[in-house]
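# Descriptive analysis of the structure
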Amino acid sequence: MLDSTLQDTYDHVLRRNPGEPEFHQAVREVFESLEVIQNRHPEYQDHSILMRLSEPERQIIFRVPWVDDKGVVQVNRGFRVEYNSALGPYKGGLRFHPSVNLGIVKFLGFEQIFKNSLTGLPIGGGKGGSDFDPRGRSDGEVMRFCQSFMTELHRHMGEYTDVPAGDIGVGAREIGYLFGTYKRLTNRYEAGVLTGKGLDWGGSLVRKEATGYGAAIFAAEMLEARDASFEGRRVGVSGSGNVAIYAIEKARQLGGLPVTASDSSGYVVDEKGIDLELLQQIKEVERGRIAEYAERRGDSARFVAGGSVWDVPMDIALPSATQNELDADSARTLVKNGVLAVSEGANMPCTPDAVTVFREAGIAFGPGKAANAGGVATSALEMQQNASRDAWSFAHTEERLTQIMKNIHATCLETAEEVGRPGDYVVGANVAGFRKVADAMIAFGVI
Ligand code: GLU
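Residues numbered from 1 in each chain as written. Predicted model: local features only at pLDDT ≥ 70, side-chain atom pairs only at ≥ 80, totals over all residues. Heavy atoms only, no water.

### Brief notes about the overall build of the chain
In terms of regular secondary structure, the chain is built from 17 helices and 13 strands. For 447 residues, the compact-globule estimate of 2.2 N^0.38 gives 22 Å, and the C-alpha radius of gyration of the chain, at 21 Å, lies within 12% of that figure. When its C-alpha atoms are laid out on the principal axes, the chain stretches across 65 × 55 × 45 Å. A separation of at least 24 residues holds for 72% of the contacts in the chain among residues at least 6 apart in sequence. (Helix = DSSP H or I, 4+ residues; strand = E, 2+ residues; numbered from the N terminus. Rg over C-alpha atoms; globule rule 2.2 N^0.38 Å. Contact = heavy atoms within 4.5 Å.)

### Digging into the site of the ligand
As a structural note, the neighbourhood of the ligand is formed by 14 residues, with K91, K115, G166, D167 and S379 the closest of them. Contacts to the ligand include S379, whose side-chain N or O atom sits 2.5 Å from an oxygen atom. Protein contact buries 95% of the 300 Å² of open area that the ligand shows by itself. Secondary-structure elements contributing two or more residues to the shell around the ligand are β3 (90–96), α5 (102–118) and α15 (374–387). (Near = heavy atom within 4 Å. Polar contact = N/O pair within 3.5 Å; in protein donor to acceptor, adjacent residues only side chain to side chain. Areas by Shrake-Rupley, 256 points an atom, 1.4 Å probe, with all protein chains shown as cover.)

### Structural notes on the nonpolar core
In terms of nonpolar packing, the biggest core is built from 55 residues, with F218, F230, L279, Y293, L318 and I408 touching the most fellow members. At 9 residues, the largest contribution of residues to this core is made by helix α8 (residues 207–224). Discounting residues that sit within four places of it in the chain, F218 has contacts with S343, G366, A370, A371, M405, I408, H409 and Y425. (Core = buried A, V, L, I, M, F, W, Y, C linked by side-chain atoms within 4.5 Å. Buried < 20%, exposed > 50% of the residue type's maximum accessible area, 1.4 Å probe, protein only.)

### Section: a nonpolar patch on the surface
Together, V67, V73 and V75 make up an exposed nonpolar region whose accessible area comes to about 260 Å². Looking at the secondary structure, you find V73 in strand β2 (residues 73–84). (Patch = residues over 30% accessible without salt bridge, like charges linked within 9 Å, V, L, I, M, F, W, Y side chains within 5 Å. Salt bridge = Lys/Arg side-chain N within 4 Å of Asp/Glu carboxyl O.)

### Here we look at the packing of aromatic side chains
Within this structure, the stated rule accounts for 19 aromatic pairs. For the ring pair Y213 and Y246, a centre distance of 6.4 Å and an interplane angle of 65° mean the geometry is edge-to-face. Taken as a pair, Y213 in helix α8 and Y246 in helix α9 (residues 242–253) lie far apart in primary sequence, 33 residues in all. By the burial criterion, Y213 is buried, and Y246 matches it. Here the aromatic cluster, defined as three or more aromatic residues joined through ring pairs, consists of F62, W66, F96, F132, F145 and F149. For K250, the ring lying beneath its charged end belongs to Y213, and the centroid distance is 4.5 Å. (Phe/Tyr/Trp six-rings, centres within 6.5 Å; stacked < 30°, edge-to-face > 60°. Lys NZ or Arg CZ within 6 Å of the ring centre and 35° of its normal.)

### Quick notes on the side chain of R173
Along the chain, R173 turns up in helix α7 (residues 172–186). In this structure, R173 is in contact with D139, V142 and R287, ignoring residues within four places of it in sequence.

### So, α8
A rise of 1.5 Å per residue sets the reference length of α8, with its 18 residues, at 26 Å; its end C-alpha atoms lie 25 Å apart and thus fit the reference within 8%. Along α8, the helix axis deviates most sharply at Y213, where the bend reaches about 30°. The buried fraction of α8 is high, at 16 of 18 residues. (Expected span 1.5 Å × (residues − 1). Bend = angle between axes of the 7 residues up to and from the residue.)

### A closer look at the pattern of salt bridges
Summed over all chains, the structure comprises 29 salt bridges. For R137, the salt bridge is made with E141, and the minimal N-O distance between the two is 3.2 Å. The exposure class of E141 is buried, given its relative accessible area of 5%. Notably, a salt bridge pairs K283 with D263, separated by 3.0 Å at the nearest N-O pair. With K283 in helix α10 (residues 276–285) and D263 in strand β8 (residues 260–263), the pair connects residues that are 20 residues apart, well separated along the chain. Per residue, the accessibility class of K283 equals that of D263, and both read buried. What emerges from the salt-bridge pattern is a single network uniting E29, E111 and K369.

Shape is all these values report; function is a separate question.
Written out as structure tokens, the structure reads:
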């Protein structure tokens, strides 16, 4: 139960946003965390901060017509939710996946506000995407879709207004088509208007790796706070996209043994440790299925169709696939198998019940808005490089990312302690992320 003021506001959010369960879930988690500071900060209530925060500043929904390879006209739906610009231009990725709808984009945009605030960099929160499914589409089809998508979106973007990037289904290829279209439509080489760009045309080293690296670094920080480390530990990773691949790489660099990867068809377990090159070849180059990994890897690996990757015994879990992929049953299995730390590479991959299981068992749990903030933080570093027409080295950029992740970890821990919930990274992240945004909104007045 929420306290009565928070409950009233939450009920209002439910009434105003029917049929959007993921959005409700994200809002509720933040509201629950804020109970600990309610009484200390009457000004947040006086300024109706929560009511204002739950309502996006602007929501754009548009038609995306395009012609497929057979000459048939297809129609998808495009979204951009410009959620909150208290700390900087709207910033957040674009997701192309059939599950995308307004509720999903709002949940992701809402999370992004606090995540971006936690990075300490000047970026507001937003998110966008489409129900377009790039899987099985030719390059030409993806290009025509991106061109049509940007034909509408470009008028809402700008280096100081809204800066999209990638998310599920949107990588360097899509960002290339989107940037090319923006450039042509506006006649401006405005590099800082999109992040996740290719390295030859304004992209930043480490951006591709940043989300996965950051999630592993956050886990290492949580372990260190408990006098533990990755050294010799079995690491379970779900997903096999951009986040998962680089979480695996960093987990290995930190001395762990990453043993799993998955996609929507099932998962692989590799007792010798995931062969990163093979995984990259199959997923990044060939855009193939995870089952092929086991076929090509030999005896150490097996593919399990369907099933849950969380059944595999592991010491550290890095859920890096998608929202609500790890439920209470899986959480109980992980706890039973002795998991020490869970660091969310994806956005909201653990259900609220799963988080409760981890909390009650005293497992170190890093919520996505803290643990996966490395991606968007490095996007902000890409914007810095674009603004100064500079390009930093890999080592320098990685050092900045590592420092940012350590700062986020320390901020979460200190804030949790300060509000009387020591070791609770969820409360720490939500309170710390929220306070900066709320204080800026108060400073700006009712706008
Ligand atoms: N989609 C990523 C996220 O969930 C990155 C967003 C960005 O770089 O703007 O944070």
